[in-house]
Amino acid sequence: MTATKKFIIDFDSTFTKVEALDILGEISLRDDPAKAEKLQSIKDITDQGMEGKLTFRESLVKRVEILNANKDQISELISELKKKVSDSFQRNKEFLLENRADIYIISNGFKDFVSPIVTSYGIKPENVFANEFVYDESGKIIGFNKDNPLSKNNGKPETIKKLNLSGDIYVIGDGYTDYEIKASGVANKFYAFTENIHRPSVSSKADHIAPSLDEILYVNKMNKKFSYPKSRINVLLLENVHPIGVELMKAEGYNVEVISSALSEEELAEKIKKVSVLGIRSKTQVTKKVLENADRLISIGAFCIGTNQIDLETCQEKGIAVFNAPFSNTRSVVELAIAEIIFLMRGMIEKTTKMHKGKWNKSANGSFEIRGKKLGIIGYGNIGSQLSVLAENMGLNVYYYDLVERLALGNATKVDSLDELLETCDVISLHVDGRKENELLLDQEKIAKMKKGAYLINLSRGHVVDVAALRDALNSGHLAGAGIDVFPKEPKNNSEPFESALKGLPNTILTPHIGGSTLEAQQNIARFVPGKIIEYINTGNTYNSVNFPNIQLPFLHDAHRLIHIHHNEPGIMAKINNVLAAFDINIVGQYLKTNEKIGYVITDIDKAYSSKVIDELKAIQGTIRFRVLY
């Protein structure tokens with residue numbers, strides 16, 4: 001930042017996330033029976049003033065009158081406001097401190113609480129301009145200094161004119177009074193600050209809409225850290241991702257677009273061009289064709305367990321980290337499996353259907369307890385092993401088959417072959433992943449090996465069961481029932497029709513891929529996946545990534561962090577270090593991990609660096625992607 005640039009920054013809803021008088025009202029009206037009505041009145045008056053529908057002097061007089069506050073409550077207000085400084089101002093405290101001589105806080109709020117907050121961020125006390133409360137002898141706020149220009153209409157432009165500032169003047173604020181500064185000809189640019197509140201009537205008049213302070217520093221080339229502002233990270237969330245996930249991404253400062261359904265390959269290939277982070281569930285196919293257009297994509301979040309719908313190899317080649325939620329919906333899937341086993345073995349489908357038709361058929365024929373029956377679990381991972389524990393506690397004898405050697409839980413018995421499991425068990429429950437090798441895992445031959453009168457549960461992947469063979473086994477009576485939650489072809493959204501050869505079959509439960517569709521599971525997933533993506537973007541951590549070497553990094557103190565993703569070739573680390581050595585840069589910490597395809601290097605350095613360093617690191621042969629975090 002040069003000395004010719006001056007910044008005029010608003011306080012309420014800009015420097016802080018809130019309107020201070022609203023918070024003071026929460027304090028001063030705490031015991032008032034009409035608290036709710038009065039607080040709403042204060043908010044309404046504030047909004048009318050900020051949008052230019054009410055003169056500022058009118059709005060100020062009305063709000064102070066309603067507040068009925070006193071001096072003792074100001075200290076409590078200050079304590080609350082310190083917790084509510086805007087996130088991007090907290091992130092850029094160093095910038096505020098270094099440029100304190102050229103930053104001015106001009107607020108229609110009150111210096112009584114404005115000054116203690118902003119000076120703690122390095123702003124010079126003499127650069128703080130705001131209104132002043134007037135107190136009576138008992139300390140009650142009875143008004144404000146009406147001679148202060150900031151208590152009047154157009155007070156901000158008048159205050160700035162008296163400062164006789166030289167150079168370019170940039171205004172950052174969220175309200176109409178901030179726009180008035182530019183409109184009066186005092187300032188060169190007005191940035192509508194929308195991190196906390198978006199007022200369309202104000203934004204429409206702005207030179208630039210700024211979702212954060214990072215954005216302003218970026219467009220003015222003032223961010224010495226070279227970090228990409230969060231306001232420029234575009235997030236696309238598909239398939240009804242839970243609102244918690246949406247809000248977490250928005251709270252981080254990203255631009256978030258939400259689409260309720262999946263997109264076709266063609267639609268996504270076009271949409272992905274400007275996307276930095278993609279969030280999907282199970283229906284969206286992220287193919288090679290889609291990824292060829294994804295030049296800005298940093299990460300993909302699968303808001304589910306499986307990732308077979310994502311071309312992980314191409315993601316690796318392009319340096320795109322993929323995260324999923326391997327544990328978050330485990331319990332939900334297990335509970336549905338247990339429920340379906342009981343439902344099928346009691347013949348509940350036929351019974352409840354007849355009851356709805358007015359037919360009473362009380363009979364024990366074809367109805368069995370689950371206790372003592374043999375449950376065969378194919379796939380003994382997170383879900384299969386938890387199903388094992390719950391099923392055993394309910395009296396089932398548990399057997400399992402897995403290609404990977406896994407420790408049996410409780411009294412479960414591992415069998416040596418899939419055929420043995422199929423021939424032995426009364427119920428077979430599938431819990432395998434979506435890899436290609438599992439396609440038609442249960443084909444006509446394998447289904448025929450199942451015990452006559454057995455039941456099949458598939459809550460894993462649609463393509464692992466031969467649907468036609470299953471249909472024939474159910475129609476012939478070879479199998480007594482099935483519970484199917486996943487299908488080879490599923491509708492993209494709730495408005496598309498569902499078609500399957502399994503419709504209308506006896507004792508067959510068909511559910512619309514809802515194994516993990518519980519409120520608890522979706523909330524857990526919505527917290528877990530964004531958390532991993534945000535951590536990766538902010539720190540470089542790849543722990544739990546399904547396609548990147550996993551690195552868990554220590555917290556970074558007083559250093560810059562450089563991330564280098566490259567093809568796994570000999571000598572890359574040496575080339576990185578040679579570049580740093582050539583610029584006399586000392587390495588504080590360095591972390592390398594590789595897999596068969598890529599290498600992932602994180603380097604922490606303890607001094608400032610020039611853009612030439614970045615250019616040379618990017619130019620190293622074999623580089624896939626390079627990022628600077630701090």
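Look above for the structure.
Residues numbered from 1 in each chain as written. Predicted model: local features only at pLDDT ≥ 70, side-chain atom pairs only at ≥ 80, totals over all residues. Heavy atoms only, no water.

1. A short note on helix 24 (residues 572-582)
Then step 1. Along helix 24, the residues classified as buried are Ile572, Ile576, Val579 and Leu580. Along helix 24, the residues classed as buried sweep out an arc of 95° about the axis, all on the same side. Away from its buried face, by an angle of more than 90 degrees, helix 24 presents the exposed residues Asn578, Ala581 and Ala582.
Then step 2. Contact partners of the buried residues in helix 24: strand 21 (560-567), strand 22 (587-594), strand 23 (598-605) and helix 25 (611-618).
Then step 3. Where helix 24 terminates, the next one or two residues include aspartate 584, which has phi positive at roughly 55°. (Buried < 20%, exposed > 50% of the residue type's maximum accessible area, 1.4 Å probe, protein only. Helix = DSSP H or I, 4+ residues; strand = E, 2+ residues; numbered from the N terminus. Arc of directions from axis to C-beta. Contact = heavy atoms within 4.5 Å.)

2. Some remarks on the pairing of strand 15 (residues 397-401)
Then step 1. Along strand 15, four of the five residues are buried, which leaves the element largely enclosed by surrounding structure.
Then step 2. Looking at chain direction, strand 14 (residues 374-378) and strand 15 are connected through five bridges and run parallel. Within strand 15, the residue paired with glycine 376 across the bridge is tyrosine 399.
Then step 3. You can see the chain leave strand 14, run along helix 19 (residues 382-393) and come back into strand 15, and the turn it takes is right-handed.
Then step 4. Relative to strand 16 (residues 413-414), strand 15 runs parallel, the two sharing two bridges. Considered in strand 16, the bridge of tyrosine 399 is made with threonine 413. (Pairing = 2+ DSSP bridges. Right-handed = clockwise from strand over helix to strand, strands pointing away.)

3. Some details on the sheet that holds strand 22
Then step 1. Ordered by their spatial adjacency, four strands build an open sheet running 22-23-21-24, and the pairing between neighbours is antiparallel. In this open sheet, the two edge strands, each paired with only one partner strand, are strand 22 and strand 24 (623-628). Geometrically, the sheet is characterised by an average inter-axis angle of 10° between neighbouring strands, direction not taken into account.
Then step 2. Running at roughly 160° to strand 22, helix 24 makes contact with strand 21, strand 22 and strand 23 of the sheet. (Axes fitted to C-alpha atoms, helices over the stretch in contact; angles between N-to-C directions.)

4. What about the pattern of salt bridges?
Then step 1. Scanning the model with the defined rule gives 35 salt bridges in all.
Then step 2. A salt bridge links glutamate 80 to lysine 83, with the shortest nitrogen-to-oxygen separation between them at 3.4 Å.
Then step 3. Look at glutamate 80 and you get partly exposed, because its relative accessible area is 26%. (Salt bridge = Lys/Arg side-chain N within 4 Å of Asp/Glu carboxyl O.)

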